[in-house]
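Examining the three-dimensional arrangement
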Amino acid sequence: SDPAKISRNAPRLSDGRDARRPKGSGKSSLLALLQPASAGKPAPAPTVALEYVFARRSRNTSSLKDVAHIWELGGGMKGDGIEDLVGIPVTTTRLKTAVLAVVVDLSNPQNVIPVTCHWLKLLRKHVQKVLGQLRAAGDSKTADELVEGARKNFGEWHKRKAAKKGDTDKAEHPDRRTTDPCAVPLLIIANHWDALSDKDSRLARGERVGMKALCQALRYLAHQAGATLVFTSANDKALQKSFRSLLSYALFHKVDKATKAERSPDKAIYIPRGADTFDEIMEAGPIELSSFRRPLDDSIARTLTEDVAKFFGAHDEDCVPQEEDPDGLEAQARKDDAEEYAEPAVDEAYKLKMEQLAKYREQKLREEKQAELDAARRAKKKLQEERDRAERLAKLDQEQQERRAARRAKREAEKLEAIEAAKRKEAEGVKPGDDAPASANPPAEADAKDSGGGGGDARQAKLDKKRDAKGAKGSKRSQ
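What this report covers is the structure whose coordinates are included nearby.

**Some details on the overall build of the protein chain**
- Of the regular secondary structure elements, the protein chain holds 16 helices and six strands.
- When burial is assessed residue by residue, the protein chain has 32% of its 479 residues classed as buried.
- A fraction of 70% describes how many contacts in the protein chain between residues 6 or more apart in sequence connect residues 24 or more apart.
- In the form shown here, the protein chain has an accessible surface area of approximately 31,500 Å², with 52% of it arising from carbon and sulfur atoms.

If you want it as structure tokens, here you go:
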């Protein structure tokens, strides 16, 4: 069946659920939203054990891509092997960047609370185990940073809200001492919201008090664990968009566009971590929670399950994985069989493969560490280049300013010198501008006059002699 084709007129079960809806909680359908053009694809097959997928997103500042490694644990798993499967993706090397998510099925509201309590306890138990491994390995700093970072992030929403209102006296979260945030970011995803919002569904037509009780219990569990609570559906376009934005924020640290919290049980709830308070939760439904201001334990889980069962009935016996061999008899039988039917060749091959796997993991860890060092060196080199460039630009700008200042000073000096010269000439009685024509070439004229005095008399005497000679010749001819 294709979840995208489920309609309001689809055949329904006795409890109001769509008969064509997949049996699982819808983890695979939600993960398909990270892939492009997933609307026309058929519904994914049920998850078996632990399955792996990945998603990539391009960075805004470079051509590199971030990769999110996603492990999906099948909800139908039973027995002690579940904890071993949880330990595969959540390790000491991945804990700093890990994000945990619990997906529950709102179309089976009677199972929501016991399933959520079971997985919250299991995941938090494993996180504490990994933190202990970090401390035992001598990396207590990383473990303490994760714990302190979770408490700090839990109060960020309330702090921003108080700063926006200008109420600095209430910047600290009122429940900071009574909550126990998980050291790893945690999401509680309530899927199949359309089963409750569909008006043709019996669940939607039922008592609204039951819905308030269910939402109140989920809000308490999310708030106590420092988790983000979100209602979604793979069949609603608007919820798909908001859920995709939430996943991008959780996996790739993109901007979370769904910044407004929604607490109404009549709408798809979205409450980021730290955005709720115990006082608001106690007023949101009929469940008495005044004595539950402490970390989740078996008594709280049992009380919440019973309170929700008053409206939706008892939960299914197989909704929570149970221990298949509580007395250890089957495990002992398997051990005896292994000793009786031992195969040395197979055991040797298995040992060899495990050694190769350990070497491969060590090599990958070294490569990851080397890649981180190379990235840090490149970032440091780029930062140094940017600093050098900024220093060069600043030096060039300073030199240009100094040249401009020198030119201005020179112009001012010339202007002052011209003013002083004009003042001196005015003091000597010479008007400015009168001495320029008169003194254009006075020494040359004086020299010309001095040198031309005697020469002029000699030329005049020669002219007189010539005239006298001509006059004498004329008188002789006339005689």
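**Overview of a nonpolar patch on the surface**
- On the surface, Tyr350, Met354, Leu357 and Tyr360 cluster together to form a nonpolar patch covering roughly 410 Å² of accessible area.
- Looking at the element boundaries, Leu357 is found in helix α13 (residues 344–428).
- Owing to a relative accessible area of 32%, Leu357 belongs among the partly exposed residues under this scheme.

**Details of the nonpolar core**
- Counting 64 residues, the largest nonpolar core has Ile113, Tyr220, Phe231 and Leu304 as the members making the most contacts within it.
- Looking at this core element by element, the count peaks at twelve residues for helix α3 (residues 109–136).
- With residues near it in sequence (within four places) discarded, Tyr220 still touches Phe278, Ile281, Leu289, Phe292, Arg294, Ile300 and Leu304.
- Core analysis: the next-biggest nonpolar cluster, separate from the first, contains eleven residues, Leu30, Leu33, Leu187 and Val230 among them.

**Concerning the pattern of salt bridges**
- What the rule picks out here adds up to ten salt bridges.
- With a shortest N-O distance of 3.2 Å, Asp144 and Arg135 are connected by a salt bridge.
- Looking at Asp144, the relative accessible area reads 38%, which means it is partly exposed.
- In this structure, Asp307 and Lys310 form a salt bridge, with 3.6 Å as the shortest nitrogen-oxygen distance.

**Re the packing of aromatic side chains**
- All told, the structure shown has four aromatic pairs when counted by the stated rule.
- A centroid spacing of 5.2 Å and a plane angle of 55° characterise the contact between Tyr52 and Trp71, whose relative ring orientation is tilted. Here the residue Tyr52 occupies a position in strand β1 (residues 50–58), and Trp71 occupies one in strand β2 (residues 65–73), the gap between them amounting to 19 residues.
- One aromatic cluster is present, formed by Tyr220, Phe278 and Phe292 through successive ring pairs.

**Here's the deal with a negative patch on the surface**
- A cluster of acidic residues, Glu343, Asp347, Glu348 and Glu355, forms a negative patch on the protein surface.
- Its relative accessible area of 45% is what places Asp347 among the partly exposed residues.

**Quick notes on the packing of α3 against helix α11 (residues 298–312)**
- Put simply, α3 and α11 touch, their axes get as near as 8 Å, and they point 165° apart. The angle between the axes of α3 and α11 places the two elements in the roughly antiparallel class. Judged by the twist between their axes, the crossing of α3 over α11 is right-handed. Here Pro109, Gln110, Ile113, Pro114, Cys117 and Lys121 of α3 lie close against α11, whose contacting residues are Asp298, Ala301, Leu304, Thr305, Val308 and Phe312.
- Class assignment for the residues of the contact of α3 with α11 results in eight nonpolar, two polar and two charged.

**Looking at helix α4 (residues 140–154)**
- Between its first and last C-alpha, α4 extends 21 Å over 15 residues, near the 21 Å set by a 1.5 Å rise per residue.
- The set of residues buried in α4 consists of Thr142, Ala143, Leu146, Ala150 and Phe154. Each buried residue of α4 sits inside an arc of 105° when the element is viewed along its axis, so together they form one side. Exposed residues pointing more than 90 degrees away from the buried face of α4 are listed as Lys141, Glu148 and Lys152.
- Buried positions along α4 lie against α3, α5 (156–165) and α8 (208–225).

Conventions and cut-offs
Residues numbered from 1 in each chain as written. Predicted model: local features only at pLDDT ≥ 70, side-chain atom pairs only at ≥ 80, totals over all residues. Heavy atoms only, no water. Helix = DSSP H or I, 4+ residues; strand = E, 2+ residues; numbered from the N terminus. Buried < 20%, exposed > 50% of the residue type's maximum accessible area, 1.4 Å probe, protein only. Contact = heavy atoms within 4.5 Å. Areas by Shrake-Rupley, 256 points an atom, 1.4 Å probe, with all protein chains shown as cover. Patch = residues over 30% accessible without salt bridge, like charges linked within 9 Å, V, L, I, M, F, W, Y side chains within 5 Å. Salt bridge = Lys/Arg side-chain N within 4 Å of Asp/Glu carboxyl O. Core = buried A, V, L, I, M, F, W, Y, C linked by side-chain atoms within 4.5 Å. Phe/Tyr/Trp six-rings, centres within 6.5 Å; stacked < 30°, edge-to-face > 60°. Lys, Arg positive; Asp, Glu negative; His and termini not counted. Charge placed at Lys NZ, Arg CZ, Asp CG, Glu CD. Axes fitted to C-alpha atoms, helices over the stretch in contact; angles between N-to-C directions. Parallel < 35°, antiparallel > 145°, perpendicular 65-115°, else oblique. Left-handed = near helix turned anticlockwise from the far one by under 90°. Nonpolar A, V, L, I, M, F, W, Y, C, P; charged D, E, K, R; others polar. Expected span 1.5 Å × (residues − 1). Arc of directions from axis to C-beta.

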